[in-house]
Amino acid sequence: SDFFDTEIALLNATGESTTARLAFLKGDGTTVTHDVALGGLARATVFPKQLPGMGNAEFSTVITSTQPLIADRTMRWDARGYGSHAETSIAAPALEWYLAEGATIGGFQLFYLIQNPGSADAQIEVTYLLPAPQAPLVRTHTVTASSRFYIWVNLEDPVLGAAEVSAVIRSTNDVPVIVERAMYLTRQGRGFDAGHESAGITTPAAEWFLAEGATGPYFDLFILIANPGTTAAPVSVDYL
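Notes on the structure in this doc start here. (Residues numbered from 1 in each chain as written. Predicted model: local features only at pLDDT ≥ 70, side-chain atom pairs only at ≥ 80, totals over all residues. Heavy atoms only, no water.)

### So, the pattern of salt bridges
Per the stated rule, a full pass over the model turns up 11 salt bridges. A salt bridge links Asp35 to Arg21, with the shortest nitrogen-to-oxygen separation between them at 2.7 Å. You can see Asp35 sitting in strand E3 (residues 31-38) and its partner Arg21 sitting in strand E2 (residues 18-26), a full 14 residues away along the chain. Judged by its relative accessible area of 40%, Asp35 falls in the partly exposed class. Judged by relative accessible area, Arg21 falls into the partly exposed class, the value being 41%. When salt bridges that share partners are traced, they join Arg73, Glu180 and Glu197 into one network. (Salt bridge = Lys/Arg side-chain N within 4 Å of Asp/Glu carboxyl O. Helix = DSSP H or I, 4+ residues; strand = E, 2+ residues; numbered from the N terminus. Buried < 20%, exposed > 50% of the residue type's maximum accessible area, 1.4 Å probe, protein only.)

### Details of the sheet that holds strand E4 (residues 42-46)
Hydrogen bonds between backbone atoms are what pair the strands of a sheet, whose relative direction is either parallel or antiparallel. Pairing is antiparallel in the open sheet, where four strands are placed in the order E4-E1-E6-E7. The open sheet has two edge strands, E4 and strand E7 (83-88), and neither has a second partner. Within this sheet the neighbouring strands show an average axis-to-axis angle of 15°, counted without direction. Across eight bridges, strand E1 (residues 4-12) lies against strand E6 (residues 70-77) in antiparallel orientation. Each residue of the ladder has a partner; that of Phe4, found in E6, is Trp77. (Pairing = 2+ DSSP bridges. Axes fitted to C-alpha atoms, helices over the stretch in contact; angles between N-to-C directions.)

Spatial relationships are all this shows, so hold off on functional conclusions.
Put into C-alpha cells, the structure is as follows:
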C-alpha cells in the first residue's frame, strides 16, 4: 500500500537452476502468481508491489520450486521507512499454533495473521489465554480456501481491548494453516512507531533456550511464557 512495502528474498543454495513460483493469496480470495528464474547458488529479491494486481493488497505467499529454497520476508512502513520487521518462511502448515507474546495495552496494536493455502475453508478456533485467574476466551472464525485472514485482537472482544494475552489457534476441521503475529506500537503521536512480527510455534515444550538478552539503561527485557495446559506449570529460569 502507500504505507507498507514488502520484499521477499529467495536463495537457491543448490547447484541446480530452478524456477520459483510465488502465489500471492489475497484477502479477497483471489491469487496472483509470479515466476522467478533462479540459477544455482543464486539469490533474487521480489517486490510484490511492482506486480500487476499487487499495488494495494493484503496477502500471504506460497513459494514452490523443484529445488529447495530459502525464503525470507521483510516489511517496511511509511515513506521514510522508519519501521520494519522480518521473518523467515515456514516449511509447512499445521493444525495447531501457539503464540506466547501479545499485548493490547500501552499503545500496542496486536494482529494475528492466518494463511489458508489449502483448497477447503478452515474453521479456526482461537483460545485467548489471559493472566490468571481470568478464564480463557474462545472465539471462532472461518478462513476461506487459498486466502489470507487477519484478526485485529484489540477489537476482537471488549475483554481484549486492554490486555496481555497469549493464544492457541487451532483448525478444527483438519485444514492446516499458517499463523503469524504482528505487534505495532503507536507513541508520541506517530502511528506504528515501532513493530515486530513472528510466526507461531506448533507445539509447546518442557525446555526452551533464548540466546539473546540484554538489560540496562537502554534495553528492557521480557520473557513471555504461556501455559496452554490445564494444570499449573512450575517454571525454572536459568540466566547465563
